[in-house]
Amino acid sequence: MTTDVPEEHLLGQFIPLHYHFNMLRDQQRMAPFREAIDLTVPDNGVVLELGGGTGVLSWFAAQKARDVYCVERNPALARAAQSFLANNSNGDRVSVILADAMHYLPPEPVDVVICEMLHVGMVREKQLQVLHSFKERYRQRFGPLMPRFIPDTSVLAIQPIQQDFCFSGYTARVPLFEPPGPHMKDSWLADPFFYSTIDYSAEIPLAFQVATEMTIQSDGLFNAVSLLTNNFLAFVLTEKRAVTWLMNQLVLPIQKPFAVRAGETVSIAFEYQAGGSIEALQESLVAHPETRSAAVSDHIYLRRAA
Ligand SMILES: C[S@@+](CC[C@H](N)C(=O)[O-])C[C@H]1O[C@@H](n2cnc3c(N)ncnc32)[C@H](O)[C@@H]1O
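For every chain, the first residue of the written sequence is number 1, and numbering continues from 1 onward in sequence order. A pLDDT threshold of at least 70 governs which residues receive local features in this predicted model, and a stricter bar of 80 or more applies before side-chain atom pairs are shown or counted, although totals over entire chains, interfaces and linings include all residues. Values shown for side chains rest on all heavy atoms present in the structure; no hydrogens or waters enter the calculation.

Q: Looking at this model, I keep getting lost on the site of the ligand. Mind explaining?
A: One heavy atom within 4 Å of a molecule or strand makes the whole residue count as near it. In the region of the ligand, 20 residues are neighbours, and Arg 29, Glu 49, Glu 72, Asp 100 and Ala 101 sit closest. In the analysis that follows, any N or O atom pair within 3.5 Å is treated as a polar contact, provided that within protein one partner can donate a hydrogen and the other can accept it, and provided that, for residues neighboring in sequence, both atoms belong to side chains. In the environment of the ligand, a nitrogen atom lies 3.2 Å from a nitrogen or oxygen atom belonging to the backbone of Arg 73. With respect to the ligand, the backbone of Ala 101 contributes an N or O atom lying 2.8 Å from a nitrogen atom. Using a 1.4 Å probe, the Shrake-Rupley method yields the accessible areas, and only the shown protein chains count as cover for residues. Contact with the protein chains hides 98% of the accessible area of the ligand, taken as 590 Å² for the molecule alone. Counting from the N terminus, the helices are DSSP H or I runs at least four residues long and the strands are E runs at least two residues long. Broken down by secondary-structure element, the contributors of at least two residues to the shell around the ligand are α1 (17–24) and α3 (56–62).

Q: How should the sheet that holds strand β5 (residues 148–150) be read in this particular structure?
A: Each strand in a sheet pairs with its neighbour through backbone hydrogen bonds, running either in the same direction (parallel) or in the opposite one (antiparallel). Here, any two strands with at least 2 DSSP bridges between them count as paired. Spatially, β3-β2-β1-β4-β5 is the arrangement adopted by the five strands of the open sheet, whose pairing is parallel. Of all the strands in the sheet, the pair left with one neighbour each is β3 (94–98) and β5. Neighbouring strand axes in the sheet, compared pairwise and without regard to direction, differ in orientation by 20° on average. Looking at chain direction, strand β1 (residues 46–50) and strand β2 (residues 67–72) are connected through five bridges and run parallel. Of the residues in β2, the one forming a bridge with Leu 50 is Val 71. Should any heavy atoms of two residues lie within 4.5 Å, those residues are counted as being in contact. Axis lines are fitted to C-alpha atoms, over the contacting stretch for helices. Their N-to-C directions set the angle, which ranges from 0 to 180 degrees. The sheet contacts of helix α4 (residues 75–86) involve β2 and β3, and relative to β3 the element is tilted by about 165°. Contacting β1, β4 (112–115) and β5, helix α5 (residues 127–142) crosses the sheet at an angle of about 155° to β4.

Q: I tried to follow the packing of aromatic side chains on my own but got confused; where do I start?
A: How two aromatic rings sit relative to each other is set out by the distance from centre to centre and by the angle between their planes. To pair, rings of Phe, Tyr and Trp, with the six-membered ring standing in for Trp, must have centres within 6.5 Å; the planes then decide the type, stacked if under 30 degrees apart, edge-to-face if over 60, and tilted in the middle. This model, assessed by the stated rule, comprises 11 aromatic pairs. The interplanar angle of 15° and the centroid separation of 5.8 Å between the aromatic rings of Phe 232 and Phe 235 together place this pair among those described as stacked. Among the aromatic residues, ring-to-ring pairing joins Phe 134, Tyr 138, Phe 142 and Phe 149 into one connected group.

Q: Which parts of the structure should I look at to understand α4?
A: Each turn of an α-helix holds 3.6 residues, which means side chains three or four residues apart point in the same direction. Given the number of residues in a helix, its expected span is that number minus one, multiplied by 1.5 Å. Given a rise of 1.5 Å per residue, 12 residues ought to cover 16 Å, and the 17 Å separating the end C-alpha atoms of α4 matches this to within 8%. Here α4 has its buried residues at Leu 77, Ala 78, Ala 80, Ala 81 and Leu 85. Down the axis, α4 shows its buried residues gathered within 165° of arc, on one side only. For α4, the exposed residues set more than 90 degrees away from the buried face come down to Arg 79 and Ala 86. N-capping of α4 is provided by Asn 74, with a side-chain oxygen placed 3.0 Å from the backbone N of Ala 76. Relative accessibility thresholds used throughout: buried, under 20% of the residue-type maximum; exposed, over 50%; partly exposed, between the two (1.4 Å probe, protein chains only). Throughout, the arc means the angular range of directions from the helix axis out to the C-beta atoms.

Given below as structure tokens:
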């Protein structure tokens with residue numbers, strides 16, 4: 001299906017100001033970012049934030065940094081950030097720059113880059129493209145020494161689940177977001193399979209291609225997969241712990257649900273571009289009992305050949 005809406009206007013790229021309060025009051029997100037920024041930004045350091053939104057993460061950084069460059073592409077948000085920062089202590093250390101992070105470079109080398117264009121599974125938002133492009137251009141301008149990145153690492157996983165797609169008695173197999181946690185354990189059919197570890201200081205992937213077999217651990221109806229993303233924002237080595245933000249999981253119905261029993265093996269395959277649509281990921285998703293794993297490989301092979 002085609003859409004007439006330009007890419008930069010799609011939700012995920014474009015988040016209007018009246019949605020930002022959800023992010024601002026989400027303590028699962030804010031608290032680890034605040035701690036990670038405090039741990040990572042050196043006193044009097046220089047920080048770049050790509051995708052600054054309301055400016056809140058830049059403001060956290062400004063409590064320690066000498067200068068913070070806060071890049072935001074949406075003019076309404078850049079204006080809002082500027083006025084909010086003017087009313088918060090040390091906000092004058094932040095320069096809000098109206099620019100596209102895909103092209104922007106700071107006027108001087110920076111100690112830390114903060115980028116929160118994160119979406120579970122790295123779909124829709126352009127976190128990986130932006131940082132991939134930034135690193136290449138930064139290296140050309142300032143040499144091989146890279147700044148530190150927040151997040152430091154993102155880990156992606158997939159899990160077969162049984163999901164109740166019933167809403168007030170109405171069954172609708174829609175993609176949905178849910179907070180992860182022990183309450184979901186009832187629907188788990190197997191432990192998560194970790195398919196990518198993105199180390200932002202190393203080569204950043206721009207696409208994912210996964211074909212795996214998983215052993216089912218609980219009887220049930222395999223009718224959906226859950227995509228999980230945990231972001232390691234910083235590491236506290238002295239305390240042997242990480243500051244993490246585990247995002248809401250994305251539950252995607254599979255095309256042909258089937259019953260499974262503990263001990264059986266299932267095959268799951270999918271492929272997608274970083275920043276691509278949920279629909280494209282879902283269209284590529286194939287899940288079968290193990291006996292049909294050859295069909296999964298054929299499917300992937302045929303898709304690639306097409
Ligand atoms: C998920 S929001 C996070 C906002 C803010 N950093 C925070 O944590 O509250 C991502 C922000 O990135 C901005 N953005 C998306 N693509 C961008 C681009 N190519 N260049 C600059 N900003 C961009 C969006 O307008 C949005 O404000």
